[in-house]
Amino acid sequence: VGMARKVALPKRIIDALVALAFLAVGWVSTAAPTISDPFYRYTPRDWLFVLLLILSTVPYAWRRRWPTAAFLTGMLSVTVLWLLGYNAGALPLLLMFGGYFVAVARPAWELVLCSALALGCFALLWWAGGAPYGARDALVSVLALAITVGLGRAGRLRVDLANARAEAGEEAARRRSSEERL
């Protein structure tokens, strides 16, 4: 019987491809001179923009090992990019992935720290008025962060519950086996 064999790529290659895709999305989405505000002129892309784009996307290649560092590097880079008047394109959307990775993989205190820093960045962007970022954008950012973090924590709790059930089942089986020997 001919069953198709699944070829699994190593996690490192998948992570590198994700970071490369994020970089490509960032590059393409920031090419437009304006997004929603036809009266705003973005700072032209230069070497500093490229550096910030790389810092915003490439760390996700290490998101499994260091999700907090990947998210914080991305968050700070996108914030600086926006403060300097560059077009952030889809980069803020990519930050939601970073928040999700932190929510799934890291302890609650790290998630709270990352969320607090993100809220601080939103407030700074709103206050500083770099690239177009108003009250509506800040509200949408806060809601997106809350939804992303909520989904990530729900996924983490689901995995933790499944692991606890499996451990309880194994413990019950060991107890039954031990009782039968006695």
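See above for the structure.
**Structural notes on the nonpolar core**
With 29 residues, the main nonpolar core has Tyr60, Phe71, Met75 and Leu81 as its most contacted residues. Breaking this core down by element, the ones donating at least two residues are α2 (47-57), α3 (67-83), α4 (91-105), α5 (108-128) and α6 (135-181). Ignoring anything within four residues of it in the chain, the contact list for Leu81 reads Phe49, Leu52, Leu53, Tyr86, Asn87, Ala88 and Leu91.

**A short note on the packing of α2 against α3**
At a minimum axis distance of 8 Å, the contact between α2 and α3 shows a crossing angle of 150 degrees. By the angle class used here, α2 and α3 are roughly antiparallel. At the point where α2 passes α3, the crossing takes the left-handed sense. Every residue of α3 that contacts α2 at Phe49, Leu52, Leu53, Leu55 and Ser56 is listed here: Thr73, Gly74, Ser77, Val78, Val80 and Leu81. Looking at the contact of α2 with α3 residue by residue, the class counts come to seven nonpolar, four polar and no charged.

**With respect to α2**
In an α-helix, one full turn covers 3.6 residues, which means residues spaced three or four apart are oriented alike. Looking only at α2, the buried set comprises Phe49, Leu52, Leu53, Ser56 and Thr57. Looking down the long axis of α2, one finds its buried residues gathered within 120 degrees of arc, a one-sided arrangement. In this structure, the buried side of α2 is in contact with α1 (11-29), α3 and α4.

Cut-offs applied
- Counting from 1, residues in each chain are numbered in the order their sequence is written.
- The predicted origin of the model limits local features to residues at a pLDDT of at least 70 and limits the giving and counting of side-chain atom pairs to 80 or more, whereas totals for whole chains, interfaces and linings rest on all residues.
- No hydrogens and no water enter the side-chain calculation; it runs on all heavy atoms of the structure.
- Only buried Ala, Val, Leu, Ile, Met, Phe, Trp, Tyr and Cys residues count toward a nonpolar core, and they belong to the same one when joined by side-chain atoms within 4.5 Å.
- Only protein chains enter the accessibility calculation, which uses a 1.4 Å probe. A residue is then buried if its area is under 20% of the maximum for its type, exposed if over 50%, and partly exposed in between.
- Under the DSSP-based scheme used, a helix requires at least four consecutive residues in state H or I and a strand at least two consecutive residues in state E, with every element numbered from the N terminus.
- Residues are treated as being in contact if the distance between any of their heavy atoms lies within 4.5 Å.
- Only the stretch in contact is used when fitting a helix axis, every axis being a line fitted to C-alpha atoms; angles between N-to-C directions are given from 0 to 180 degrees.
- For this classification, under 35 degrees means roughly parallel, over 145 means roughly antiparallel, 65 to 115 means roughly perpendicular, and everything else is oblique.
- The handedness criterion is simple: a crossing whose near helix is rotated anticlockwise from the far helix by less than a right angle is left-handed, and one whose near helix is rotated clockwise is right-handed.
- The classification used treats Ala, Val, Leu, Ile, Met, Phe, Trp, Tyr, Cys and Pro as nonpolar, Asp, Glu, Lys and Arg as charged, and all other residues, Gly among them, as polar.
- It is the directions from the helix axis to the C-beta atoms whose arc is reported.

This is a description of form; function is not addressed.
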